[in-house]
Each structure stands twice: as structure tokens, then as C-alpha cells.
Amino acid sequence: MKNFINISDIDKKDLRKIIDHAKLQKQKRSNLSKSAIDPDAYLTDKTLIMIFEKSSTRTKISFELAMKQLGGQIVMLNSKESHYGSREESVHDTAKVLSQYGDIVMMRANKHEHFLEFSKHLDVPIINGLTNLSHPCQIMSDIMTFEELRGPITNKKIAWLGDGNNVVYSLIEASVQFNFELAIACPQQLTPDKKILKWAKNKKAKIFITKNPLEAVNLADCVMTDKWISMGDKGNKNKKKKLLKSYQVNKKIMRSAKADAIFMHCLPASRGEEVTDEVIDGKQSAVWLEAINRIHAQKSIIEWCLK
Ligand code: CP
Ligand code: NVA
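From a predicted model like this one, the values you see are computed outputs, not experimental measurements. (Residues numbered from 1 in each chain as written. Chains lettered and ligands numbered in written order. Predicted model: local features only at pLDDT ≥ 70, side-chain atom pairs only at ≥ 80, totals over all residues. Heavy atoms only, no water.)

A.B. asks: Can you walk me through the sheet that holds strand S2 (residues 73-78) in this structure?
C.D. replies: Sheet strands associate in pairs through backbone hydrogen bonding, adopting either a parallel or an antiparallel arrangement. With parallel pairing, the four strands of this open sheet are ordered in space as S2-S1-S3-S4. Each edge of the sheet is formed by a strand with only one pairing partner; in this case those strands are S2 and strand S4 (126-128). Between one strand axis and the next, the sheet turns by 20 degrees as a mean value, whatever way the strands run. Bridge count between strand S1 (residues 47-52) and strand S3 (residues 104-108): five bridges; the pairing is parallel. Paired with Ile49 across the strands is Val105, a residue of S3. (Pairing = 2+ DSSP bridges. Helix = DSSP H or I, 4+ residues; strand = E, 2+ residues; numbered from the N terminus. Axes fitted to C-alpha atoms, helices over the stretch in contact; angles between N-to-C directions.)

A.B. asks: I would appreciate a short explanation of the site of ligand 2 in the present structure.
C.D. replies: The environment of ligand 2 is made up of Leu130, His135, Asn165, Asn166, Asp226, Ser230, Met231, Cys266 and Leu267. A distance of 2.8 Å separates an oxygen atom of ligand 2 from a polar side-chain atom of Asn166. At 2.8 Å, a backbone N or O of Met231 approaches an oxygen atom of ligand 2. Of the residues contributing to the shell around ligand 2, the split by class is four nonpolar, four polar and one charged. (Near = heavy atom within 4 Å. Polar contact = N/O pair within 3.5 Å; in protein donor to acceptor, adjacent residues only side chain to side chain. Nonpolar A, V, L, I, M, F, W, Y, C, P; charged D, E, K, R; others polar.)

A.B. asks: Is there a simple way to explain the side chain of Thr47 in this structure?
C.D. replies: With respect to the secondary-structure elements, Thr47 resides in strand S1. Overall, the relative accessible area of 15% leaves Thr47 in the buried class. Within the structure, Thr47 has its side chain in polar contact with the side chain of Gln73 (distance 3.4 Å). (Buried < 20%, exposed > 50% of the residue type's maximum accessible area, 1.4 Å probe, protein only.)

A.B. asks: Got a minute to help me understand unusual backbone geometry in this structure?
C.D. replies: Keep in mind that most residues, glycine aside, have a negative phi and that most peptide bonds are trans. Cis rather than trans, the peptide bond between Leu267 and Pro268 has omega equal to 5 degrees. Checked against the element boundaries, Pro268 lands in the loop between strand S9 (262-265) and helix H11 (277-280). The phi angle at Leu219 is positive, at roughly 65 degrees, despite the residue not being glycine. Among the secondary structure elements, Leu219 is positioned in the loop between helix H8 (213-217) and strand S8 (222-225). At Leu267, a residue that is not glycine, the phi angle is positive and equals roughly 70 degrees. Mapped onto the elements, Leu267 comes out in the loop between S9 and H11.

A.B. asks: Explain the site of ligand 1 here, please?
C.D. replies: Within the structure, ligand 1 sits among Ser56, Thr57, Arg58, Thr59, Arg108, His135, Gln138, Cys266, Leu267 and Arg294. Take Ser56: an N or O atom from its side chain is 2.7 Å from an oxygen atom of ligand 1. The contact in question runs from an oxygen atom of ligand 1 to an N or O atom on the backbone of Arg58, over 2.9 Å. Relative to its unbound accessible surface of 250 Å², ligand 1 loses 96% to contact with the protein. (Areas by Shrake-Rupley, 256 points an atom, 1.4 Å probe, with all protein chains shown as cover.)

Right, dumping it as C-alpha cells:
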């Protein structure tokens with residue numbers, strides 16, 4: 001059974017196949033309407049069950065469209081309206097039941113360890129739709145987006161500015177698997193998880209961490225950021241925002257990267273905090289393409305899991 005939980009779990013060759021297949025399938029449906037089923041759709045007898053413990057706009061809709069374009073069905077489960085995770089039913093029992101109803105599960109979970117626990121009891125594949133420790137589907141669609149705009153990501157330089165959060169954890173894993181340079185600029189207190197950095201170091205990752213945002217974006221092909229406060233962040237929000245103030249992606253930052261550098265953000269964005277309007281709405285911004293590519297990258301991930 002093939003789960004899609006972390007980018008670091010998957011073989012490099014498979015990750016490349018997932019991206020290339022996504023690009024090809026996207027091209028093939030370029031003349032079709034948004035909701036049209038793919039001409040070669042073959043998942044007509046498959047159901048994706050989606051569980052959300054946290055809010056979502058893109059993940060929810062892009063997975064639904066992905067499954068529909070592949071010919072399959074979806075069932076949405078809001079954890080607050082079900083027995084999942086409550087004292088009324090064990091995670092084991094919910095997993096056993098869902099394995100009988102659906103062919104594949106996608107879950108957005110508060111805690112990565114709960115996600116892993118749930119996945120162990122499932123008899124069908126599971127896809128990680130974000131946990132506190134990773135957001136692999138987002139980074140897969142970001143790699144697809146980067147390559148669509150700038151060609152192969154191998155040996156390119158990506159700069160990450162801001163919080164050392166779940167999205168950058170997946171980006172760190174991707175930098176190893178896809179072999180690109182990653183410069184992370186953040187305050188020392190918000191440096192990404194040591195375990196993930198150690199894993200990357202052992203894999204000879206080209207990762208560089210600095211407190212200086214200008215140093216990180218120098219010669220970068222892409223500048224990425226994310227919200228300073230993630231869902232479920234428990235710390236002092238104002239203190240964190242103060243710490244991150246000088247990591248905002250603005251015109252000056254974009255001017256210090258390569259002239260043709262692109263700007264990426266997984267969205268939702270807090271305009272005026274981690275990014276200015278002129279950058280997110282500017283010519284270098286790839287944010288809308290990132291959102292669209294969630295559909296295509298996830299179709300390819302679903303197919304990979306079910307093959
Ligand atoms: N980028 C992303 O995962 O967005 P949602 O939280 O809206 O799903
Ligand atoms: N880091 C953000 C990503 C949202 C898509 C969060 O976890 O809230």
C-alpha cells in the first residue's frame with residue numbers, strides 16, 4: 001500500500017514521475033472545462049474520503065476537483081461532526097470502517113503523530129493534506145509550478161523567508177529529493193525543526209540558514225514565504241509577528257533576487273504582513289498558478305497511491 005505522508009518517505013524517481021505525469025495530464029486537458037472528466041479517466045469506481053481537523057479552502061476544493069476529473073467520487077468528513085478523534089470511537093475503529101467505505105483517504109490533521117497513528121489502522125492509502133509538521137501536496141504542486149515557469153528545479157536556488165513552519169519542512173525534504181539549493185532566512189527562535197535539518201544534512205542537502213533575508217534571496221530563482229501565524233499556533237502572536245517583521249517579502253526583497261525570480265506563497269496570505277500587495281499582485285507572483293496546480297499535482301498523487 002502506498003501512502004503519501006512526507007516527501008522524504010517517497011523514492012526520488014517516484015516523486016519525479018508524479019510531477020511529470022501531472023504536467024502531462026494538465027496539458028492533455030488544456031481545452032476542457034474546469035469540471036470536465038478527463039477523457040482517459042479510469043478511477044470511476046473509486047471514492048476518496050476527506051477528513052478535515054482544520055479549515056481549508058484550496059485543499060478541500062482542489063482534492064474534490066482532482067477526484068472528479070479522475071472520474072471518482074468524494075465524501076467529506078468534518079472531524080467536528082463525526083466520531084473521529086472523539087471519546088465515542090477509537091481511531092482504530094473509525095479507520096477500519098472508513099477502509100471499507102472508501103478506496104483512499106486524505107486528511108488534514110492537527111497533530112502529525114495522530115495522523116501517523118490513524119494511518120497505521122487504515123487498510124487503504126492515505127494522503128497528507130497538511131499537519132503541523134508537513135504540507136507535502138503543497139510543495140509538490142509548487143515544484144510543478146516552478147518547473148512550468150522556469151524549467152527543471154534541479155540546481156536552482158529557492159529562498160524561504162519567515163517562519164520555520166510545516167510548509168518549509170516539506171520544502172527542506174524536497175530540496176534533498178529534487179536536488180535544489182534552499183536558503184532559509186528566519187530569526188534564530190523560528191529556525192525549522194532540528195530533526196528535519198539533521199536528516200537533510202545527512203543527505204548532503206544544499207541548505208543554508210541565515211538571519212539576513214537579503215543574503216538568502218541573493219541570486220535566488222524563487223522567493224517563497226507563508227503566513228507568520230499558522231493554524232493552531234499557540235505562542236504569543238504579537239511577539240512572533242515582531243520577530244518576523246524584517247522578513248516581509250516586499251519590492252526591495254524581490255529586487256535583491258534574480259531579475260526573473262518568481263514569488264510563491266501557498267495561500268492564504270496575510271497581506272501587509274509576510275508579503276506586500278505589490279509583490280503578491282505583481283508580475284513575478286505565481287500564487288494563482290500554485291493554487292490551480294494543486295488539482296493537477298494531487299491527481300497525480302492519488303493515481304500514484306492507487307496504482
Ligand atoms: N494552501 C493551502 O493548503 O490552502 P488551504 O488551507 O486553503 O487548503
Ligand atoms: N503554514 C500554514 C499553511 C496553510 C496552508 C498553516 O499551517 O496554517
